[in-house]
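Reading the structure
Next come the chains, spelled out residue by residue.
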Amino acid sequence: MRLINRIPSRAVRPLLIVLPFLVVLAAYSIASEIRLSANPADKILPAPSTIIATAERLMTEGDKRSGRILFWHDTAVSLRRLAIGTGLAALTGLVFGLLIGLIPYARTTLNGFVAFASMIPPLALLPILFIVFGLGELSKIMLIYIGITPFLIRDLASRTAEIPHEQIVKAQTLGASTRVIALRVALPQLLPRLLQAVRLALGPAWLFLIAAEAIASDLGLGYRIFLVRRYLAMDIILTYVLWITALAFLLDTALRWLSRRAFPWAGDAL
Amino acid sequence: MLKTLLLTTALAATALSPAAAQEKTDFKVAWSIYVGWMPWGYLEDSGIMDKWADKYGIDVEIVQFNDYIESVNQYTAGAFDAVAATNMDALSIPAGGGVDTTALIVGDYSNGNDAIITKGGMGLADLKGKPVNLVELSVSHYLLARALDSVGMAEKDLSGVLNTSDADMIAAYATPDVTTVVTWNPMVAEILSGPDATKIYDSSDIPGEIIDIMFANTEVLDANPAFGKALAGAWYEVMGLMSEGNEDALTAMAEASGTDLAGYKSQLDATAMFYAPREAVAFTESGELKSTMTNVAQFLFDKGILGEGAPSADFVGVAYPDGSVSGDKDNVKLRFSTEFMKLAAEDKL
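Residues numbered from 1 in each chain as written. Chains lettered and ligands numbered in written order. Predicted model: local features only at pLDDT ≥ 70, side-chain atom pairs only at ≥ 80, totals over all residues. Heavy atoms only, no water.

**Considering the nonpolar core**
One broad trend across soluble globular proteins is that nonpolar side chains are buried collectively. Ranked by size, the top nonpolar core spans 180 residues in total, and within it Trp40, Val60, Leu91, Leu144, Phe227 and Leu231 of chain B carry the most contacts. Considering every element that reaches this core, the biggest residue donor is helix α8 (residues 178-215) of chain A, with 18 residues. Once you skip the residues sitting within four places of it in the chain, Trp40 of chain B turns out to touch Trp31, Ile62, Ile105, Met214, Leu231 and Trp235 of chain B. (Core = buried A, V, L, I, M, F, W, Y, C linked by side-chain atoms within 4.5 Å. Buried < 20%, exposed > 50% of the residue type's maximum accessible area, 1.4 Å probe, protein only. Helix = DSSP H or I, 4+ residues; strand = E, 2+ residues; numbered from the N terminus. Contact = heavy atoms within 4.5 Å.)

**Some points on the interface of chain B and chain A**
Tallying the contact residues gives 43 residues for chain B and 34 residues for chain A. Buried surface at the junction of chain B and chain A, both sides included, amounts to about 3300 Å², of which 59% is carbon and sulfur. Its salt-bridge partner being Arg229 of chain A, residue Glu70 of chain B comes within 3.5 Å of it at the nearest N-O pair. Linking chain B with chain A are nine residue pairs in polar contact (both at pLDDT 80 or more), by the criterion used here. Contributing elements (two or more residues each) for the side of chain B that touches chain A: α1 (2-16), α4 (68-77), α5 (87-95), β7 (160-164), α7 (169-173) and α14 (288-302) of chain B. Take the side of chain B that touches chain A: its biggest share by element is six residues, from α4 of chain B. Here the residues of the side of chain B that touches chain A are counted per class, giving 18 nonpolar, 16 polar and nine charged. (Buried area = accessible area lost by both parts, 1.4 Å probe. Salt bridge = Lys/Arg side-chain N within 4 Å of Asp/Glu carboxyl O. Polar contact = N/O pair within 3.5 Å; in protein donor to acceptor, adjacent residues only side chain to side chain. Nonpolar A, V, L, I, M, F, W, Y, C, P; charged D, E, K, R; others polar.)

**Comments concerning the pattern of salt bridges**
One pass over the structure, following the stated rule, counts 21 salt bridges over all chains. Between Arg224 of chain A and Asp74 of chain A there is a salt bridge; the shortest N-O distance is 2.8 Å. Placement of Arg224 of chain A in helix α9 (residues 221-228) and of Asp74 of chain A in helix α3 (residues 70-102) is noted, with a sequence separation of 150 residues between them. On the basis of relative accessibility, which here comes to 0%, the residue Asp74 of chain A falls in the buried class. Arg146 of chain B serves as the salt-bridge partner of Glu209 of chain B, at 2.5 Å between the closest nitrogen and oxygen. Linking Glu209 of chain B in the loop between β9 (197-202) and β10 (211-217) with Arg146 of chain B in helix α6 (residues 139-150), this pair joins segments that are 63 residues apart in sequence. Relative accessible area serves as the criterion here: at 10%, Glu209 of chain B is assigned to the buried category. One salt-bridge network, held together by shared partners, links Arg80, Arg81, Glu137 and Glu213 of chain A.

**Considering the packing of α4 of chain B against α5 of chain B**
Residue and element names in this part refer to chain B. Put simply, α4 and α5 touch, their axes get as near as 9 Å, and they point 45° apart. Between α4 and α5, the angle falls in the class oblique. Handedness of the crossing formed by α4 with α5: right-handed. Every residue of α5 that contacts α4 at Tyr68, Ile69, Val72, Asn73, Tyr75 and Thr76 is listed here: Asp89, Ile93 and Pro94. When the residues that make up the contact of α4 with α5 are grouped by side-chain class, the tally is six nonpolar, two polar and one charged. (Axes fitted to C-alpha atoms, helices over the stretch in contact; angles between N-to-C directions. Parallel < 35°, antiparallel > 145°, perpendicular 65-115°, else oblique. Left-handed = near helix turned anticlockwise from the far one by under 90°.)

Pasting the structure below:
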């Protein structure tokens, strides 16, 4: 039988899924073992057991100075920034995507501008953002917002424009106004696509969040990583990286679940 | 498939394995932009390094880093044989990470280069309840702790410290919500040149505590004394040029650090350079170095940056030229040696 027609049996599947994870873990353990045998105090590749011990300590023990468990504070602060930034961007993307996709005047006025603005690398704007919005929460949220909004607008505008013209004509023959067409014909079709676009935008949103926190902050997941980098605490860095990955994965899964529950007709495109 | 995997793993492991201590001829040195370290760039560009390396039959490559901490991390990882760093960072990063490190050339100490700057005429006592922007866990943080200590306050009396990258310090100071920054030159000079900026404390208030040193891997150095000799020879040749005011050398260093001759000279005024190896030897042998390092170790431990396994401030041992040790005698990872500076002082290089 040809290789392309061979399908893994039910018994083998879980094994194949776990395999790449095991390979990475094994490679890391071997490299870590080599370094630690040469220098037991080595910080660069801590043993997996050290990482687990550090993770446990980070999640349960309070800070020396304030007594707060910094791990959960960092998580809460970062998730709040991410939620506000992405939420505002989603709202803006939806409104402007609808306008540009449906209304020729809006399209002519804004299409070129949005296409141009989306080419600005947001990280290059960071020094300007700090001067305009200060070093506080606002500049961090603005970086996420500026970073992903143009993408969301462009995506949703083109998806609005993809709505079959027949539907729009039909709605008009039934007497629908522009407002009714936007809210009753276009919007319901756009919402599941908004969730998909937000899922795609979350990757860059995390990137912008961590970049902003790296530069000026006193709490947050990105802040902690860049702070402990000063004394090469790889066990803390790796714990945070794994935690961020888990959070991003959970967020993505939650959005997919929401999409399936709220818009079962839209299918599961991603 | 399995073979490839094993091969990749083995390769990755070799790439990440620490530098082996053995006789070798190629050495790599890392440094970053700072007033007291500009000679390292100059001696590489001018060919002085090559001249001394040839004399000892070795090859030395001097690499400039844009990011200071990255250079120290790379050294700790074993990618470099020596690195220009401060006494505090050498204790916390390589020595705290178990990399046995020797202070080869004590180049200078900061004598005003690091400063606390405020807006609106605030003094040290006025910092109570206010935020301070600085590179957290750096010598700036140490300077702030010493300053607060001098007026009977501690970090908990502030509303907090905000970690701010050195690259963004000048822009940060321009925003209204930043009222106090702690930073180093050339940022200090730039911030002070603006209106409404007052320097309220600087490293000349704690002279000799923030020391800039060329550190080398002890094992590499022990196996290859020629490496130490070549570095010391090249360094003190440039020190000679600087102390006699050689304009070509000074201008080259000024330009490489992004300023002009006058700007560089004013930064040098805030730096206690040890032009003569004799002075560096005397400083390294003085008893004050011991109390400074004990202070620094306590600061690092209080901030929790001596490493996770560190049970106390004495976790890492520091050895001094007279053979004494502060901290754990069974875990000496930082050594102050005058061996090569003495050879330079006695003209034996």
